[in-house]
Amino acid sequence: MQLNRSTIVTVAVTLVIGIAVGALFLGGSTSPETLDGHEGEGHELELTADGLWTCSMHPQVRQSEAGSCPFCGMALIPVTNDEDSDPAVLKMSNAAVQLANVQTTTLKNGSLEGVLRLNGKVKVDERRINTQTTHFGARIEQLYKNYEGELVRKGEKIAALYSPELVAAQEELIEAKKVEKSNPLLLDATRKKLRHWKLSNAQINQIENSKEPIRNFDLLADFEGIVTNKLVNSGDHLHEGEGLLEITNLSKVWVVFEVYEQNLGKVALGDNITFGTNSSSENWDAKISFISPEVDSETRIVEVRADVSNRNGALKPDMLIEGSLSTSSTSGLLVPRSAVLWTGKRSVVYTKTNDGPDFQMNEVVLGEQVGDFYLVERGLKAGDEVVTNGAFTLDAEAQLRGKSSMMNQIITVDNPERTEFEEVELPNFKDYQNEIEPEFQNQLMNLSLEYIKLKDLMVEGEGTSIREAGVLVTEALGKMDMSLTKGDGHLHWMALLNPMQESLETITNTGDRDVQRLQFINLSKALINAVQSFGTSIDSPLYVQFCPMANNDKGATWISMDENIVNPYFGDVMLTCGNVEDVIVNSKQ
């Protein structure tokens, strides 16, 4: 096979460009000068001064001493100088930064007028949906309104019906009319019968003045609106009360907006909302008249609606609308929406460091959205230079290098503790169930159930939610009546009470997830001891579970009502790390 010259040139140029781009993003250079300004020393790899170890298959693992990978069990290898020692910092060359079109913005505190923008739809007012029925058994000879969307006026002909029952009633009326003078009550009774079947006075008069009954009788519309559902066809037989058409009055409609759960506090009944459609430049104003009492379990959306006049028919069912609702002004540290990368419940923002084109990944906790900004609750500070364009490119590069990234949390098994933490020493558990009143077990059950909720939130790792759940555990602990204990059982409970109180005090006074997880170690340790010593009235078994890698490889325990491991100390990073150490069952079962 022969290759022409242009093909060879194209392949060669493609290879050169690929090598050049790869060198830019990997920080490589053909010059003797490296990215940080030091002379190049070839490609020999040196160990870092930090003495970190990692896994060749899972580079997100960082550990200060040799050992096994928590994921695959392979022996860890030293981190080299070619791999930056800080897993959260991504070093880039100036050329790579320019190629990625990275743009930054300096954060500052600010104040914004709150405007909540909502999407929604026009919907039919369900109170204006009517069904046109026949009030006597009949056969449809002709259907005058025979397609959906057709306009119906009240009193207009809907269909021609043949009804032997109606023919007989007409004959009775004609005969009663003949004897009106001698028997007026008979005439009145036959008229009432026809009025009961929704015949108009004009139709009744027409029958009285005729000598023959009307065979094909016109059914008149009881409602005005649009045919939204055609229920029958010509020739169909109908029973008394059976529907022919569904007629919807669109002179007033609902506009239904979707409000995310976190924004629900900004919306109240009676609030004014302005909205428009894509089909018109006209804007409408309305007041919120209903807020759904339910949250959609999948989308976390609450529907709110307003009633709107629609005399000109400009608003049509299922038409998309966009609305805006004014809220109170908001002030604080604001980060542009374009700077935030979302992955499940984690929010990530890249910041530029002071020295050179280095970028650091920061996990942040965000508050409410205000226009094109988010309020920052934790993780950033005023003066930080955040990446507002090119963040996805940086994150992709971080993933390739095994760095901390949107999809890849670095596991530093022996990460330095954020606060002074010391694991508490407790007395060994002993069976003290004979030294307590039964009510004490019920109180301990309530405490354990609140603890389980806190444990589940520890798995998710959102500091604010953990703090709120910690308050509920504190309240349950405060309701424990120690007067229901006696003797050595009383002394044992006192030895466990103080560590639980101290742990909960820290958990409820910080939003730092890592600090909360550290304090959860002592809380769990003391509660497990209490449950083992005093028992609870919980019918389900409680599983004491253990993770050997928590607490700087010292290990830590927790209680679960599920035998399957869901690790509260590492969350989704090492969700199933651990094993069941003990099962506590109700001694009365």
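See above for the structure.
Residues numbered from 1 in each chain as written. Predicted model: local features only at pLDDT ≥ 70, side-chain atom pairs only at ≥ 80, totals over all residues. Heavy atoms only, no water.

## Considerations on the overall build of the protein chain
Point 1. For the protein chain, the count of helices and strands is 11 helices and 28 strands.
Point 2. A buried classification covers 42% of the 589 residues belonging to the protein chain.
Point 3. Counting contacts in the protein chain only where the partners sit at least 6 residues apart, residues at least 24 apart contribute 69% of the total.
Point 4. When the accessible surface of the protein chain is summed, it comes to about 31700 Å², and 49% of that surface belongs to carbon and sulfur atoms. (Helix = DSSP H or I, 4+ residues; strand = E, 2+ residues; numbered from the N terminus. Buried < 20%, exposed > 50% of the residue type's maximum accessible area, 1.4 Å probe, protein only. Contact = heavy atoms within 4.5 Å. Areas by Shrake-Rupley, 256 points an atom, 1.4 Å probe, with all protein chains shown as cover.)

## As for a nonpolar patch on the surface
Point 1. The grouping of V580, V583 and V585 at the surface amounts to a nonpolar patch, some 210 Å² of accessible area in total.
Point 2. Its location among the elements puts V585 in the segment after β28 (579-584). (Patch = residues over 30% accessible without salt bridge, like charges linked within 9 Å, V, L, I, M, F, W, Y side chains within 5 Å. Salt bridge = Lys/Arg side-chain N within 4 Å of Asp/Glu carboxyl O.)

## Quick look at the side chain of E150
Point 1. Within the secondary structure, E150 sits in the loop between β8 (138-143) and β9 (151-152).
Point 2. Once you skip the residues sitting within four places of it in the chain, E150 turns out to touch Y144, K145, G225, I226 and V227.

## A word on the pattern of salt bridges
Point 1. Scanning the model with the defined rule gives 24 salt bridges in all.
Point 2. The partner of E156 in a salt bridge is K145, and the shortest N-O contact between them spans 2.8 Å. Of this pair, E156 sits in the loop between β9 and β10 (157-162) while K145 sits in the loop between β8 and β9, and the two are 11 residues apart along the sequence.
Point 3. Of the residues examined, K145 reaches a relative accessible area of 8% and is grouped as buried.
Point 4. For R337, the salt bridge identified is with D372, shortest N-O distance 3.4 Å. A residue pair is termed long-range when its members are at least 10 positions apart, and R337 in the loop between β19 (320-336) and β20 (341-343) and D372 in the loop between β22 (358-370) and β23 (373-378) qualify at 35 residues.

## Details of the pairing of β22
Point 1. As paired elements, strand β4 (residues 89-91) and β22 share 3 bridges and run antiparallel to each other. Paired with L90 across the strands is F359, a residue of β22.
Point 2. Where strand β21 (residues 346-352) and β22 come together, 6 bridges link them in antiparallel fashion. In the strand pairing of β22, K352 is matched with F359. (Pairing = 2+ DSSP bridges.)

## A word on the environment of R127
Point 1. With respect to the helices, strands and loops of the structure, R127 is situated in the loop between β6 (108-124) and β7 (129-133).
Point 2. For R127 and N249, which are 122 residues apart along the polypeptide, the C-alpha to C-alpha distance reads 9.1 Å.
Point 3. Those residues within four positions of R127 in sequence are excluded, and the remaining contacts are W254 and D307.
Point 4. There is a polar contact of 3.0 Å between the side chain of R127 and the side chain of D125.
Point 5. At a separation of 3.5 Å, a polar atom in the side chain of R127 contacts the side chain of D307. (Polar contact = N/O pair within 3.5 Å; in protein donor to acceptor, adjacent residues only side chain to side chain.)

## A word on helix α4 (residues 184-196)
Point 1. Helix length check: α4 (13 residues) gives 19 Å between terminal C-alpha atoms against 18 Å at 1.5 Å per residue, within 8%.
Point 2. Those residues of α4 that fall on the buried side of the exposure criterion are L187, T190 and L194. In a view along the axis of α4, the buried residues occupy a sector of 70°, so they form one face of it. Turned more than 90 degrees from where α4 packs its buried face, L185, K192 and H196 sit exposed.
Point 3. Packed against the buried residues of α4 are α3 (164-178) and α5 (201-209).
Point 4. One or two positions beyond α4, positive phi appears at K198, with a value near 70°. (Expected span 1.5 Å × (residues − 1). Arc of directions from axis to C-beta.)

## Observations regarding the nonpolar core
Point 1. Of all hydrophobic cores here, the largest spans 51 residues; its most connected members are W493 and F534.
Point 2. At the level of elements, α7 (438-460), α8 (463-478), α9 (487-507), α10 (513-534), β26 (542-547) and β27 (556-560) are the ones that each hand at least two residues to this core.
Point 3. Element by element, the count of residues in this core is highest for α10, at 10 residues.
Point 4. Those residues in contact with F534 that lie beyond four places of it in its chain are Y432, Q433, I436, F440, Q441, L444, G489, H492, W493 and L496.
Point 5. Of all hydrophobic cores here, the second largest spans 28 residues; its members include I158, A169, L199 and F217. (Core = buried A, V, L, I, M, F, W, Y, C linked by side-chain atoms within 4.5 Å.)

## Some thoughts on the packing of aromatic side chains
Point 1. For the structure on display, the rule yields 11 aromatic pairs.
Point 2. Taken together, a centroid distance of 5.6 Å and an interplanar angle of 55° make the contact between F136 and W197 tilted. Remark: W197 occurs in the loop between α4 and α5 and F136 occurs in the loop between β7 and β8; sequence separation between them is 61 residues.
Point 3. Between Y451 and F520, the aromatic rings sit 5.1 Å apart at their centres with planes inclined by 10°, giving stacked as the arrangement. On the criterion of sequence distance, the pair formed by Y451 in helix α7 and F520 in helix α10 is long-range, its members being 69 residues apart. When sorted by exposure, Y451 lands in the same class as F520, which is buried.
Point 4. Each residue in the set Y432, F440, W493 and F534 is aromatic and connected to the rest through ring pairs, giving one cluster. (Phe/Tyr/Trp six-rings, centres within 6.5 Å; stacked < 30°, edge-to-face > 60°.)

## Considering the sheet that holds β10
Point 1. Taken together, 4 strands build an open sheet; the order of strands is β11-β10-β8-β13 and the sheet is antiparallel. The open sheet is flanked by β11 (216-220) and β13 (237-238), the only strands paired with a single partner.
Point 2. Relative to β10, β8 is paired through 4 bridges, and the arrangement is antiparallel. Bridge pairing in β10 places Q142 opposite A160.

## Digging into unusual backbone geometry
Point 1. Despite not being glycine, K198 shows a phi value in the positive range, around 70°.
Point 2. For K198, a relative accessible area of 52% puts it in the exposed group.
Point 3. Phi at D318 takes a positive value of approximately 75°, unusual for a residue other than glycine.
Point 4. The residue D318 is located in the loop between β18 (301-309) and β19 in this model.
Point 5. The exposure class of D318 is exposed, given its relative accessible area of 53%.

## A look at the sheet that holds strand β12 (residues 225-230)
Point 1. Spatially, 4 strands are ordered β7-β14-β12-β9 in an open sheet, and the strand pairing comes out antiparallel. For this open sheet the edge positions go to β7 and β9, each flanked by a neighbour on one side alone.
Point 2. Bridge analysis of β7 against strand β14 (residues 243-248) gives 5 bridges, and the strand direction is antiparallel. Along β14, the bridge assignment pairs T133 with G243.

## Description of the side chain of Q443
Point 1. Mapped onto the elements, Q443 comes out in helix α7.
Point 2. For Q443, a relative accessible area of 14% gives the class buried.
Point 3. Apart from the residues within four sequence positions on either side, Q443 is in contact with K479, M480, D481 and L484.

## Some words on α7
Point 1. Here α7 is 23 residues long and its end C-alpha atoms lie 34 Å apart, about the 33 Å a rise of 1.5 Å per residue gives.
Point 2. Phi for G461, located one or two positions after α7, is positive at around 80°.

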